[in-house]
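Descriptive structure summary
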Amino acid sequence: MTVPIKGSYVQKEQAVVEGIDVSGHWNRMFQQRSIFEYTPEQIEAIAAIPGAESFAYCYQCGKCTGVCPVDIVGDYGPRKLYREVQTGVDLFSSPDLWLCTTCMNCLRVCPKAVDLIKIMPAVREVAINQGKFVPSELQKALENTARYGNPLGENPRKRADWIKEAGVPVSIMAQLKRPVDVLWYVSSYTSYHPRGKDAARAMARVFTALGVDWAILGNEERDDADSMRLAGEKGLFEMLAEQNIATFNKYSFRKLVVSGPHELNAFKRFYPAYGGTYPVEHYTQFLRPHLPRLRDLLRKPLNLRVTFHDPCYLGRHHGEYEAPRELLAAIPGVELVEMGRCRQNGYCCGGGGGGMWLDSFARDHLKLRLSDRRVIEAVETGAEVLAVCCPFEVSRFEDSVKATGNEGKLIVRDIIELLDDSMHG
Amino acid sequence: MAGVMVLAEHLNGVLADLSFELAGKGRAMADALAEPLDVAVLGAPTLASEFGVADRVIAVTNTTLEVYSPTAYRAALAQLIREYQPRLVLVGNTSIGMDLAAAVSAELSLPLVSYCTGLRIDDGQIVATAQLYGGKVLVDALPATDHCIVAVLAGSFPADAGRRPGQPSIERRELAGVTSGGIRFRRLIQPEAGDVDITRQDILVSVGRGIQSQENLEGVEELARALGGELCASRPIVDNGWLPKSRQVGKSGLTVRPRLYLAVGVSGAPEHLEGMRGAECIIAVNSDPSAPIFEVADYGVVADLFEIVPALTDRLKQ
Amino acid sequence: MDVLVVLRQVPDLVEDLELNAAGTDLERDSLKYVLNEFDDWALEQALLLKEKNGALVTVLAPDLPEADTSLYTALAKGADRAAKVSGDFVLTRSSHALADILAPAIRVLPHDVVLTGVQSAEDLDGQLAVLLGSYLGYPAVSVVTDVAVDGSSLIVRKEFAGGLCAEYEVALPCVLGIQAAVRTPRYAPVSRVRAVSKEKKIEVLSAGGIRESDLRIVAFRKPEGGRRADMITGDPDSVAQQIVAILRQRGLLKRSSE
């Protein structure tokens, strides 16, 4: 049975496609019918921003919605953003502009490579430059970073104060005045936050026990500002990159080892364009080849059931899923259990893309914070320890443990703390 | 040139406690200098009799002073100083005092010390102690001439010393040229009603910048509930819109005298201390060991408030 | 309408403030300077007047450390013109000295309204806004939290203690000491500040004479003693226990154990 066709068709008299003459009924097409009233201007406005071109590629398949961590606790995802913009929402002024953490789970599954990792910073930068609404907590973090070299607003001259209680000597490059094997970039949260300092001291002790020839920049170190870049402050990122690269280039080192995945991302992917190319590894990647020696030193069995949270910027963004697990497996008495959303499908803690300074804002738009959701998932595995390896995560997850009423059921530890505990505890 | 002159401060017909604090200290300074104490009351002559502690009360009766006007008050105060030539003029370091002190200082070339928390006589000279740099530094300043004006922070001296019975001589004056000039009063705007009156609370838990974000208020609210008290805050929290103005403690907010004031993440800048140093028991939690709040607190905890607050809430619920 | 905003640099309180050897000032060499927070609110108020009433905004600063950064940031936020007063002055803790430096400069710059922060962390000798009013011969109101234009005058909200406010109609020209504005100071993206610092110029004016200070500094000192707190130490749970014990002892526990 033939279906009656509404509307008329058009046929071009002359049609040449890529040099091939397809004149004739080959090029017959139906007249475009209006299937909605919306115009494409808003979408085109976004796609016109350099870096945000892929916003227009979306064909609404919805694969992203299933994996978007924000959608699980709210109403979000690239497909939904596209649809909103299609119906006339001004993304530049919308709160939705600030909910994406750039975790990359959407890009991982998108058949059209709609790249929010590039789209978000591009659109946010335009929004900030146009003086649109910027959540106040984020604004404070940006201003602090610009002025003090760290988002916490701490005194830059106290960045290396943590070394006083490290328990082992810590060398500062400027005073050491010789090349080193490993320049360890400590990072802002690791230097200033009380729980970050715990990890810093643990790292210092583990490096020393392994006989690594290492040093830090100390007070010359500035934030990598990768999350600020993703929050739309490319100028701030560039300013700090220039400073950090000038500092790095003063010294001679074989490897740059970082505490966290965000600085890994900055130094590996972006610094080369600004004149700073260094062999850089996340500390778990750096320690993996040291495993044989490590195993000898890991004496105390911890007797803990541990679940590991894949940081988005180490896992999905840089493909490293095994190194942290290998380290954890090497610790005597550690039983590793996996959460359902692990490895490539890991669930974001909510700290990336500027999210670290958007909790107070996101609170009005989400049912639950991402880190709260993740903690609930961790507790469900029966684990006693949630192991992490990103400086943003310890404070987020510890706060969420309290917020979800799981105090006493779950503790949060950086992998380096667990290693240190087994070595020296 | 003689005597100490105190400017009484009143708004809406009510004398501020500060007026008595100044009067009490004025009395002490006048006695130390062996000179008389005048209290100037502008635009509210019925309040003159409150100042038994003074030797003389100068009640300026101009109707243009009935409602506070910066220009009219300046003109009146300047005239009084020119005429009575006091050695020391005390005003409050308040919204009113800030309008007047610097202007009078400029007009009459009077040395001025602001943010004063202490006054003494050294070798016959007046030395004023001011609190600057967020309360982190004290400065002792000596006026280079024989006469000066000092703006005093509220709460620096006891109000009781100013509330003494007595029969001061009351001089009623109508001054010339006291007009509102280019500043015309239109109306008073009362603070938003319907919220808690923190000045009547026995137990207050106060948050400062250390709370970092609005969502963290919830945890402290819970603590306040567990204590049976109410939440209040320092200026930055209210400026951010995280709590209403009616919850603000400090110079530009309310003065409170609860039985318990638990300050969480409050550094203790002088403007805040002004509003709460009279509390019976002050407990402060701050991660900075040099936070000025520890100077006025009875008990202090140098720790991360995000650890102490939930721990304390838990303990209280047990 | 022309709005002129005075921006001051003050020592950054994030630093440990050390005293000089003689104990008569801060150890200035080790200080970092930052824009006075209230001046930032004054700038925001000026920019609001620009947005709402088409005012032209000029920012003026005495040439103190890092003043250029504050001026360029102000331009990046939307100010139309920036100027600084340079001269043979090292530091100006004194508001009277600042007023001496600034008043002549203000007279030659366009202004119907002069805004500056209500106070600063170191204005020992009084508030700059009010002093400028006196030196310039303009009416001045301080502790202002809102400004609106009404024909050829301003409607200004002044704040007293306890949230009580009063509204005044102020004739132009005038000086206002700003405490707050209806919105928090806006953000200036780093790239815009850097671009502005390359593209725009800060006009330089010469400072005139500064009167000698009429205050002698006897001493700068750190607060000590007084009612110093009894410190409670230990892990969070132990601290909580100790606090509860103190409260019980003082009869401050409102609820009996559930």
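Residues numbered from 1 in each chain as written. Chains lettered and ligands numbered in written order. Predicted model: local features only at pLDDT ≥ 70, side-chain atom pairs only at ≥ 80, totals over all residues. Heavy atoms only, no water.

This next bit is on the overall build of chain B. Along its length, chain B carries eight helices and 17 strands. Relative to the compact-globule value of 20 Å for 318 residues, chain B shows a C-alpha radius of gyration of 21 Å, a close match. Projected onto the principal axes, the alpha-carbon positions of chain B cover approximately 65 × 45 × 35 Å. For chain B, the residues scored as buried account for 63% of the 318 residues in total. Sequence-distant contacts, at least 24 apart, represent 63% of the contacts inside chain B between residues at least 6 apart. Of the roughly 10900 Å² that chain B leaves accessible, carbon and sulfur atoms contribute 46%. (Helix = DSSP H or I, 4+ residues; strand = E, 2+ residues; numbered from the N terminus. Rg over C-alpha atoms; globule rule 2.2 N^0.38 Å. Buried < 20%, exposed > 50% of the residue type's maximum accessible area, 1.4 Å probe, protein only. Contact = heavy atoms within 4.5 Å. Areas by Shrake-Rupley, 256 points an atom, 1.4 Å probe, with all protein chains shown as cover.)

On to the sheet that holds strand β8 (residues 125-132) of chain B. Taken in spatial order, the ten strands make up an open sheet running β11(B)-β5(B)-β4(B)-β1(B)-β6(B)-β10(B)-β7(B)-β8(B)-β9(B)-β12(C), and their pairing is mixed. Two strands lie at the open edges of the sheet, namely β11 (169-173) of chain B together with β12 (215-221) of chain C, each paired on one side alone. In this sheet, adjacent strand axes meet at a mean angle of 30 degrees when their direction is disregarded. Taken together, the three bridges between strand β1 (residues 4-7) of chain B and strand β6 (residues 88-92) of chain B define a ladder with parallel strand orientation. From the neighbouring strand, Val-4 of chain B faces β6 of chain B, where its bridge partner is Leu-88 of chain B. In the packing of helix α2 (residues 70-84) of chain B onto the sheet, the strands contacted are β1, β4 (37-42), β5 (56-60), β6 and β11 of chain B, and the crossing angle to β4 of chain B comes to about 155 degrees. (Pairing = 2+ DSSP bridges. Axes fitted to C-alpha atoms, helices over the stretch in contact; angles between N-to-C directions.)

All right, on to the interface of chain B and chain C then. Chain B puts 86 residues into the contact, and the matching count from chain C is 86 residues. Carbon and sulfur atoms supply 57% of the area that chain B and chain C bury against each other, a total of about 7600 Å² over both sides. On the surface where chain B and chain C come into contact, there are nine salt bridges. Glu-159 of chain C is the partner of Lys-245 of chain B in a salt bridge, and the nearest nitrogen-oxygen pair spans 2.6 Å. (Buried area = accessible area lost by both parts, 1.4 Å probe. Salt bridge = Lys/Arg side-chain N within 4 Å of Asp/Glu carboxyl O.)

A few words now on the pattern of salt bridges. Per the stated rule, a full pass over the model turns up 70 salt bridges over all chains. Here Glu-169 of chain C and Arg-184 of chain B are joined by a salt bridge, their closest N and O atoms 2.6 Å apart. Residue Glu-169 of chain C is found in strand β9 (residues 165-171), and its partner Arg-184 of chain B is found in strand β12 (residues 183-189); the two belong to separate chains. Among the ionic pairs, Asp-68 of chain C bridges to Lys-84 of chain C, the shortest N-O distance being 2.8 Å.

Within the largest apolar cluster, 125 residues are counted, with the highest numbers of intra-cluster contacts made by Phe-248 and Leu-287 of chain A. No other element matches helix α6 (residues 116-129) of chain A, which puts eight residues into this core. Dropping the residues within four chain positions of it, Phe-248 of chain A is found in contact with Leu-183, Tyr-185, Leu-217, Phe-253, Leu-256, Phe-267, Tyr-271 and Tyr-278 of chain A. If you look at the next biggest cluster of nonpolar residues, it comprises 103 residues, including Leu-42 and Ile-58 of chain B together with Val-59 and Tyr-135 of chain C. (Core = buried A, V, L, I, M, F, W, Y, C linked by side-chain atoms within 4.5 Å.)

Okay, the confidence of the model for chain C next. Looking at chain C, the pLDDT average stands at 91 and 96% of residues meet or exceed 70. Prediction confidence for the complex, expressed as pTM and ipTM, is 0.84 and 0.87 respectively. (pLDDT = per-residue confidence, 0-100.)

Glancing now at the environment of Asp-25 of chain C. Residue and element names in this part refer to chain C. Note on placement: Asp-25 falls in the loop between β2 (9-11) and β3 (33-35). Judged by relative accessible area, which is 10%, Asp-25 ranks as buried. When the C-alpha positions of Asp-25 and Val-218 are compared, they lie 9.7 Å apart, and in sequence the two are 193 residues distant. Among residues more than four places away in sequence, those in contact with Asp-25 are Leu-19, Asn-20, Leu-91, Arg-93 and Phe-220. For Asp-25, the side chain forms a polar contact with the side chain of Arg-28, separated by 3.2 Å. (Polar contact = N/O pair within 3.5 Å; in protein donor to acceptor, adjacent residues only side chain to side chain.)

In this section: the packing of aromatic side chains. All names here are of chain A. The final tally for this structure, using the stated rule, is 24 aromatic pairs over all chains. A ring pair is formed by Phe-237 and Tyr-274, whose centres lie 6.2 Å apart and whose planes are at 65 degrees; its orientation type is edge-to-face. With a gap of 37 residues between them, Phe-237 in helix α12 (residues 234-248) and Tyr-274 in the loop between α13 (261-270) and β8 (280-282) connect regions that are remote in the sequence. Classification of Tyr-274 by relative accessible area gives partly exposed; the value is 31%. Pairing Phe-253 with Tyr-278 gives two aromatic rings, centres 5.7 Å apart and planes at 40 degrees, and the pair type is tilted. (Phe/Tyr/Trp six-rings, centres within 6.5 Å; stacked < 30°, edge-to-face > 60°.)

Listed by partner, the interface residues are 19 residues for chain A and 18 residues for chain C. For the pairing of chain A and chain C, the buried interface totals around 1500 Å² over both sides, and the portion due to carbon and sulfur atoms is 40%. Across the chain A-chain C interface, the total number found is five salt bridges. The interface formed by chain A and chain C holds eleven residue pairs in polar contact (both at pLDDT 80 or more) in total. Contributions of two or more residues to the side of chain A that touches chain C are made by α6, α7 (136-148) and α12 of chain A. If one sorts the elements of the side of chain A that touches chain C by residue count, α7 of chain A sits on top with six residues. Counted by class, the side of chain A that touches chain C contains six nonpolar, six polar and seven charged residues. (Nonpolar A, V, L, I, M, F, W, Y, C, P; charged D, E, K, R; others polar.)

On to the side chain of Asn-150 of chain A. Residue and element names in this part refer to chain A. Considering the arrangement of structural elements, one finds Asn-150 in the loop between α7 and α8 (173-176). Overall, the relative accessible area of 0% leaves Asn-150 in the buried class. A polar contact of 3.3 Å, which involves the side chain of Asn-150, links it to the backbone oxygen of Tyr-148. The residues touching Asn-150, leaving out its near neighbours within four places in the chain, are Asn-144, Thr-145, Arg-159, Ser-188, Tyr-192 and Asp-223.

Residues and elements named next belong to chain C. Orientation of helix α3 (residues 95-108) relative to helix α4 (residues 128-136), taken along the N-to-C sense of each, is 50 degrees, at an axis distance of 9 Å. Comparing the axis directions of α3 and α4 gives the class oblique. Crossing handedness for the pair α3 and α4: right-handed. Seen from α3, the contacting residues are Ser-95, His-96, Leu-98, Ala-99, Asp-100, Leu-102, Ala-103, Ile-106 and Arg-107; seen from α4, they are Leu-128, Leu-131, Leu-132, Tyr-135 and Leu-136. (Parallel < 35°, antiparallel > 145°, perpendicular 65-115°, else oblique. Left-handed = near helix turned anticlockwise from the far one by under 90°.)

This paragraph deals with the environment of Pro-40 of chain A. By the element assignment, Pro-40 of chain A lies in the loop between β4 (29-30) and α1 (41-47). C-alpha of Pro-40 of chain A to C-alpha of Ala-56 of chain A: the two residues are 16 residues apart in sequence and 9.5 Å apart in space.

On to the sheet that holds β9 of chain C, then. Think of a sheet as strands paired side by side through backbone hydrogen bonds, with each pair either parallel or antiparallel. Strand order across the open sheet formed by ten strands is β12(B)-β9(C)-β8(C)-β7(C)-β10(C)-β6(C)-β1(C)-β4(C)-β5(C)-β11(C), with mixed pairing between neighbours. In this open sheet, the two strands that pair with only one neighbour each are β12 of chain B together with β11 (203-206) of chain C. Strand-to-strand twist in this sheet, taken as the mean axis angle between neighbours without regard to direction, amounts to 30 degrees. Inspection of the sheet shows strand β7 (residues 140-150) of chain C paired to strand β10 (residues 174-178) of chain C by four bridges, in the parallel sense. Bridge pairing in β10 of chain C links Val-141 of chain C to Leu-176 of chain C. Taken strand by strand, helix α1 (residues 37-53) of chain C contacts β1 (2-6), β4 (56-62), β6 (113-117), β7 and β10 of chain C, and its axis lies near 145 degrees from that of β6 of chain C. Taken strand by strand, α4 of chain C contacts β1, β6, β7 and β10 of chain C, and its axis lies near 175 degrees from that of β10 of chain C.

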